[in-house]
Amino acid sequence: MNAGVGETKKQKKDDGIQMRFTVLHCICTTDLKNGRRRRRGRSLEISIVEKVKRENEDMAGRYDSKMFCGERIIGLVTGYDNETSKFKRLLCILQQKVLDDEEQEGRLGFVFIENDGVDEHMIWLIELKNLFSRQLPHVPKECIVCCVLDLNHKSIMVIRRNQDVVGGITYHPFRSQGFVEIAFCAVMANELIKGCGTRIMNHLKQHAYDMEGVTHLLTCADSNGVDYFLKQGFTKEITLEKDRWQGYIKVYHGGLLMGCELHPKLPYSYTATMTSHQRLGIIERIREASHSENIVYPGIDFQKGEAGIPSWPIKVEDIPGLKEAGWTPDQYGHSRFKTVNDSADTASNQESITAFMHSLLKQIYDHPDAWPFKEPVDSDNAPGYCDVIKDPTDLKMITTRVESEQYYITLEMFLADMKRMFADARTYNMPHTVYYKCANRLESFFSGIFQSGLQDNKFQQN
């Protein structure tokens, strides 16, 4: 049972402490005796009275588990002062511990199966095929059947209670070429949030290296799967020699070829658990080395307006706790671009930066290749643009930010927005399009006037 600790309250009772846990999420479980399903997502509040001697070691950061309604609830004691941020940082550790326990107890299994004619294996392959059909509706069912039941393909499955297939990966090993091609990958949503998506991929990596004798995993990911594969260590740059995979792997229209190189010394089956414990160890060492109290200051009332500009000016020195942390005014707006006149105050330096940005924008607006960037991209004319470009930028937005005199406190921030605008155009558009070519020409022009403008406006680059 995976549970989140919502709050922890300290109350004196006799010589102990009453710990109050609020379980935020109750994962769907099955009563095997009568076959009934308990309702998922209900909110439970459990009061657990624990006698904790005052001389005992501080329980912050330690696990505690109790039986409730026949299920074991695992909670993380986060301290006696409502330090809920600690629980958030250690949530991944709790998640891995739950999965470790489920694997050891046999409630969660990862099995490798191929079309070998065994009845039980064929039933699981059919269930995996059905799972892929539900989770990947855009893929033709005939294609799924051909791959899952193909004699050259193999599958790894996530099996609950030795009977329910809740996730899986179908792959084709090319031992002579040194790589495995991942054909399909899908995990049920309620299992994905528990960490099963990462765990099944780690099991596949370990198996691919140990049993298949390969050093690379390759896949052609669609737009919905790119983020998942990036989190699993895949990159868009294929390190495997092209002549070893070209002609073997299937590249689909609209798909992105991604690869992952396997390291021989990494224990992939235990990587997530290992890194979670390492993270916990580092946090403990930081606490031991810190000579100051863990003080949490109140936040600031910050609201963003148009183009991400603050609704009202905020003085950095007024941020609670900043001065106490050792901040000094000379650190504000640290930039590698400075005016030649070092004696100029901060206000004068900011005026120079703003004037320089205005002059750059004027020249950019007058350039013949600037027309695609003067207004925000219309999603009606560019289907799927917001799905591909998560943080769109255009000259109108940049101009608004410059005129506010509050957003760009350094030239680096302005430069980053300009570069992202050009990069977005190349990401969404194909190289042969006019938008792609305009981005290249306009960026080349901008780089030239930026460098010459630094000298004309007497900026020096550190």
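The structure we're discussing is the one just above.
Note that residues are indexed from 1 along each chain, following the sequence as it is written. For this predicted model, a pLDDT threshold of at least 70 governs which residues receive local features, and a threshold of 80 or more governs which side-chain atom pairs are given and counted, while totals over whole chains, interfaces and linings are taken from all residues. Hydrogens and water are ignored here; the side-chain numbers use all heavy atoms of the structure.

Novice: In this structure, what is going on with the overall build of the protein? I would like to understand it.
Specialist: For the purposes of this entry, the term helix denotes a DSSP run of H or I that reaches at least four residues, the term strand denotes a run of E that reaches at least two, and both are numbered from the N terminus. Helix and strand counts for the protein stand at 13 helices and 13 strands. Summary of the burial criterion: residues with accessible area below 20% of their type's maximum are buried, those above 50% are exposed, and those between are partly exposed, where the area comes from a 1.4 Å probe applied to protein chains only. Evaluated residue by residue, the protein yields a buried proportion of 41% over its 462 residues. Sequence separation of at least 24 residues holds for 63% of the intrachain contacts in the protein that already meet a minimum separation of 6. Contact definition: two residues touch when any of their heavy atoms are within 4.5 Å.

Novice: Looking at this structure, how should I read the pattern of salt bridges?
Specialist: Pairing between side chains becomes possible if they bear opposite charge and their charged atoms approach one another. Salt bridge, as applied in this entry: a Lys or Arg side-chain nitrogen positioned within 4 Å of an Asp or Glu carboxyl oxygen. Per the counting criterion, the structure on display carries 17 salt bridges. Residues R441 and D369 are paired through a salt bridge, measuring 2.9 Å at the closest nitrogen-oxygen approach. Separated by 72 residues along the polypeptide, R441 in helix 13 (residues 434-456) and D369 in the loop between helix 9 (346-365) and helix 10 (385-388) bring together distant segments of the chain. Given the relative accessible area of 42%, R441 is considered partly exposed. Accessibility expressed as a relative area gives 11% for D369, which makes it buried. In this structure, the salt-bridge partner of D417 is R420, at a minimum N-O distance of 3.0 Å. One end of the pair, D417, and the other, R420, are both in helix 12 (residues 411-428), three residues apart, so they sit about a helical turn from each other. The exposure class assigned to D417 is buried, which follows from its relative accessible area of 4%. With relative accessibility at 25%, the residue R420 sits in the partly exposed group. Through salt bridges with shared partners, a single network forms among E102, E105, R107, R160, E191 and K194.

Novice: Just to check I follow, could you spell out the environment of E102 for this structure?
Specialist: Looking at the secondary structure, you find E102 in helix 1 (residues 84-105). Aside from chain neighbours lying at most four places away, what touches E102 is R107, L108 and R160.

Novice: Whenever I open this one, unusual backbone geometry confuses me. Can you help?
Specialist: Working note: non-glycine residues mostly have negative phi, and peptide bonds are mostly trans. Here the phi dihedral of E405 falls at roughly 60°; this positive angle occurs in a residue that is not glycine. Under the relative-accessibility criterion, E405 is labelled exposed at 56%.

Novice: Honestly, the sheet that holds strand 6 (residues 108-114) in this entry has me stumped. Any pointers?
Specialist: One key point about sheets: their strands pair by backbone hydrogen bonds, in either a parallel or an antiparallel sense. Two strands make a pair as long as DSSP finds a minimum of two bridges between them. An order of 6-7-8-9-10-11 is seen for the six strands of this open sheet, with the pairing classed as mixed. Edge positions in the sheet fall to strand 6 and strand 11 (256-261), since each of these pairs with one other strand and no more. Ignoring which end each strand starts from, the neighbouring axes of this sheet average 25° apart. Sheet analysis places strand 7 (residues 154-160) next to strand 8 (residues 164-174), joined by seven bridges and oriented antiparallel. Paired with I159 across the two strands is V165, which belongs to strand 8. Note on geometry: axes are lines fitted to C-alpha atoms, helical ones only across the stretch in contact, with angles between N-to-C directions running from 0 to 180 degrees. Sheet strands touched by helix 2 (residues 119-135): strand 6, strand 7, strand 8 and strand 9 (179-187). Its angle to strand 8, the strand with the most contacts, is close to 95°. Contacting strand 8 and strand 9, helix 3 (residues 141-148) runs over the sheet at an angle of about 125° to strand 9.

Novice: I keep staring at the environment of C220 and nothing clicks. Help me out?
Specialist: Mapped onto the fold, C220 is located in strand 10 (residues 216-221). Between the alpha carbons of C220 and A183 there is a distance of 7.7 Å; along the sequence they are 37 residues apart. With residues near it in sequence (within four places) discarded, C220 still touches K250, V251, Y252, G255, L256 and L257.

Novice: How do you make sense of the packing of helix 11 (residues 395-404) against helix 12 when you look at a structure like this?
Specialist: Running from N to C, helix 11 and helix 12 point in directions that differ by 170°, and their axes come no closer than 10 Å. Taken together, the axis directions place helix 11 and helix 12 in an arrangement best described as roughly antiparallel. Residues L395, I398, R401 and V402 of helix 11 form the contact with helix 12, whose own contacting residues are F414, D417, M418, R420 and M421. By the convention adopted, Pro, Cys, Tyr, Trp, Phe, Met, Ile, Leu, Val and Ala count as nonpolar, Lys, Arg, Asp and Glu as charged, and the other residues, Gly among them, as polar. Looking at side-chain class alone, the contact of helix 11 with helix 12 contains six nonpolar, no polar and three charged residues. Orientation categories follow fixed angle ranges, with anything under 35 degrees roughly parallel, anything over 145 roughly antiparallel, 65 to 115 roughly perpendicular, and all other angles oblique.

Novice: Would you mind going over the environment of L136 with me for this structure?
Specialist: Note on placement: L136 falls in the loop between helix 2 and helix 3. Residues L136 and C185 lie 49 residues apart in sequence; the distance between their C-alpha atoms is 8.9 Å.

Novice: So what exactly am I meant to see when it comes to helix 11 here?
Specialist: Because each turn of an α-helix spans 3.6 residues, side chains separated by three or four positions end up pointing in the same direction. What helix 11 keeps buried is the set L395, I398, T399, R401 and V402. Taken around the axis of helix 11, the buried residues stretch over an arc of 160°, which confines them to a single face. Polar contacts, as counted here, are pairs of nitrogen or oxygen atoms within 3.5 Å of one another; within protein the pair requires one atom able to donate a hydrogen and one able to accept it, and residues that are adjacent in sequence qualify only if both atoms are side-chain atoms. Two to three positions downstream of the cap, the backbone nitrogen of K396 sits 3.0 Å from a side-chain oxygen, assigning the N-cap of helix 11 to D394. Positive phi shows up at E405, right after helix 11, with a value of about 60°. This arc is taken over the directions from the axis of the helix to the C-beta atoms.

Novice: Please explain the packing of aromatic side chains as it appears in this structure.
Specialist: Two numbers describe a pair of aromatic rings. These are the distance of the centres and the angle of the planes. Between 30 and 60 degrees the pair is tilted, below 30 it is stacked and above 60 it is edge-to-face, where a pair is any two Phe, Tyr or Trp rings, Trp via its six-membered ring, whose centres lie within 6.5 Å. For the structure shown, the criterion picks out 14 aromatic pairs. Ring geometry for F356 and F450: centres 5.7 Å apart, planes at 35°, overall tilted. Separated by 94 residues along the polypeptide, F356 in helix 9 and F450 in helix 13 bring together distant segments of the chain. Both residues of the pair, F356 and F450, belong to the buried class. For the pair F422 and F446, a centre-to-centre distance of 6.3 Å together with 55° between the ring planes defines the contact as tilted. A residue pair is termed long-range when its members are at least 10 positions apart, and F422 in helix 12 and F446 in helix 13 qualify at 24 residues. Neither F422 nor F446 differs from the other in exposure class; each is buried.

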